Amino acid sequence: MRKRRLVISLVVLLLLVGITVIVWKVADWPPPRLILKYGFPPTGGPTGRTRVIEGIEFVELSPGYVSMRVIGPAARPPLRERLKAWLGLGPAPSSPAPWPRWFEFPRRFWIARTEITNLCYETVDPHHERMEDSMEDNSPVVGVSWEEARRFCETIAERSGLPIRLPNSSEWEYACRAGSTTKFSFGNSVRDLPRYAWCETNSEGRAHAVATRDANPWGLFDMHGNVAEWCEGGKSYGEDAIEAELRGEEVACGYARRTFRGGDWLWPDQLCMSDWRSSRDRRYAVNHIGFRPAFSNPDD
């Protein structure tokens, strides 16, 4: 009898532990609203439409949702708060250490399939001096500051009549992740990175021609590695800043630093992860940072 009670107690304990683990995991799943609207795992991606503007091929990405890390003012929220937010019964909690939150991308937007090359950039700035680490016509342009990258986008916008700009940080990560929730768009193993990126392991100390590694699942090249890429906003990456970006608002930035994403040929391979970011002065121009433009549909 005693043995039977012990077995029953152990079974009940294991069931409780199992239920707790399941609930804990579910609290990190996408909210039901997003699953019902877009399905699961995360969806979105290319609509099948492309446009070539001033020699730059743009890919249109559809609405969807993505898991991105946010930084906030409190410790990792308790399970109760996370469950309430997941069910839509309370505000989203925040945390000081980066942790994942699900965000909806409600608008279509276009992003360049590759990084801007030397040849393309020189159609706007013919006096640009190529850097020794990226000399080929089809190598990504480097040695351009955030201000110069933005001026390039403004010039192309004037020529084309389209609102071409740098992508904001959230758009960039949505495009880079390509529906994934892993460290890289292709999985979690850094050993697979050289197949998709020119990184410290295989770069031989320089940038390489664009689109010479495998594309990510949405057909975008060099999102990981080759050169890091300037984004529109500053280094703020809290929930409010992300939500403002997703509404199409320009996030106020009262300082000179601007974000860049994607890792590059120079820095350690681990920095090519989808969620890695850093920032520099907007006049900073070095041999491992370039850019790719984006634009939103004028009718959205």
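Structure: above.
From a predicted model like this one, the values you see are computed outputs, not experimental measurements.

A few words on the overall build of the chain. Secondary structure summary: the chain contains 8 helices and 10 strands in total. Counting every position in the chain, which comprises 300 residues, the buried fraction comes to 48%. Within the chain, contacts between residues at least 6 apart in sequence are counted, and of these 73% link residues at least 24 apart. Summing over all exposed atoms, the chain offers an accessible surface of approximately 14,500 Å²; the carbon and sulfur share of this is 56%.

Here we take up the sheet that holds strand 2 (residues 56-62). If you walk across this open sheet you meet the 4 strands as 1-2-5-10, and the pairing is antiparallel. Looking at which strands have only one partner, the edges of the open sheet turn out to be strand 1 (45-53) and strand 10 (294-296). For this sheet the average axis-to-axis angle between neighbouring strands, irrespective of direction, equals 25 degrees. Two elements, strand 2 and strand 5 (residues 109-112), share 4 bridges in a ladder whose sense is antiparallel. When the bridges of strand 5 are listed, Phe58 appears paired with Ala112.

Our next topic: the sheet that holds strand 8 (residues 277-281). Pairing within the open sheet is mixed, and its 4 strands lie in the order 8-7-6-9. Bordering the open sheet on either side are strand 8 and strand 9 (289-290), each of which pairs with just one other strand. The pairing of strand 7 (residues 257-261) with strand 8 spans 5 bridges and is antiparallel. Following the sheet pairing, Arg258 is matched in strand 8 by Arg280.

Backbone geometry at Ala211 places phi at a positive 60 degrees, although glycine is not the residue there. Note on Ala211: relative accessible area 35%, which makes it partly exposed. Even without a glycine there, the phi angle at Asn226 is positive, about 65 degrees. Within the fold, Asn226 resides in the loop between helix 7 (193-196) and strand 6 (228-230).

In a regular helix each residue adds 1.5 Å, so 15 residues correspond to 21 Å; helix 5 (residues 146-160) covers 21 Å between its end C-alpha atoms and thus fits that length. Here helix 5 has its buried residues at Trp146, Ala149, Phe152, Cys153, Ile156 and Ala157. With its buried residues spanning 135 degrees around the axis, helix 5 presents them on a single face.

Further remarks concern the nonpolar core. Grouped together as the largest cluster of nonpolar side chains are 28 residues, with contacts concentrated most on Phe58, Ile116, Phe152, Ile164, Trp230 and Phe291. Going through the elements one at a time, strand 2, strand 5, helix 4 (118-121), helix 5 and strand 6 are the ones with two or more residues in this core. If we skip the residues at most four places from it in the chain, Phe152 touches Ile56, Ile116, Cys120, Tyr121, Val124 and Phe291. Counting residues in each nonpolar core, the second largest holds 21 residues, with Leu61, Phe109, Ala178 and Met223 among its members.

Let us now look at the side chain of Arg261. In this fold, Arg261 is placed in strand 7. Relative accessible area serves as the criterion here: at 0%, Arg261 is assigned to the buried category. In terms of polar contacts, Arg261 uses its side chain to reach the side chain of Glu173, at 2.8 Å. At a separation of 2.8 Å, a polar atom in the side chain of Arg261 contacts the main-chain carbonyl oxygen of Trp276.

Analysis parameters
Residues take numbers from 1 onward in each chain, read along the sequence in its written order. Totals for whole chains, interfaces and linings use every residue, but because this is a predicted model, local features are given only for residues with pLDDT of at least 70 and side-chain atom pairs only at 80 or more, for both listing and counting. Think of the side-chain values as coming from all heavy atoms in the structure, minus any hydrogens and water. Strands here mean DSSP runs of E at least two residues long; helices mean DSSP runs of H or I at least four residues long; both are numbered from the N terminus. Note on exposure labels: buried denotes an accessible area under 20% of the residue type's maximum, exposed denotes more than 50%, and partly exposed covers the range between, all computed with a 1.4 Å probe on protein chains only. Only heavy atoms enter the contact rule, under which two residues are in contact if any of them lie within 4.5 Å. Computed with the Shrake-Rupley method and a 1.4 Å probe, the accessible areas treat only the protein chains shown as cover for residues. In short, DSSP must find at least two bridges between two strands for them to pair. Axis lines are fitted to C-alpha atoms, over the contacting stretch for helices. Their N-to-C directions set the angle, which ranges from 0 to 180 degrees. A helix is expected to reach a length of 1.5 Å times the quantity of its residues less one. Along the arc lie the directions from the helix axis toward the C-beta atoms. Nonpolar core, defined: a set of buried Ala, Val, Leu, Ile, Met, Phe, Trp, Tyr and Cys residues in which side-chain atoms within 4.5 Å join the residues together. For the purposes of these results, a polar contact is taken to be a pair of N or O atoms within 3.5 Å, where, inside protein, one atom must be able to donate a hydrogen and its partner to accept one; residues adjacent in sequence count only when each atom of the pair is a side-chain atom.

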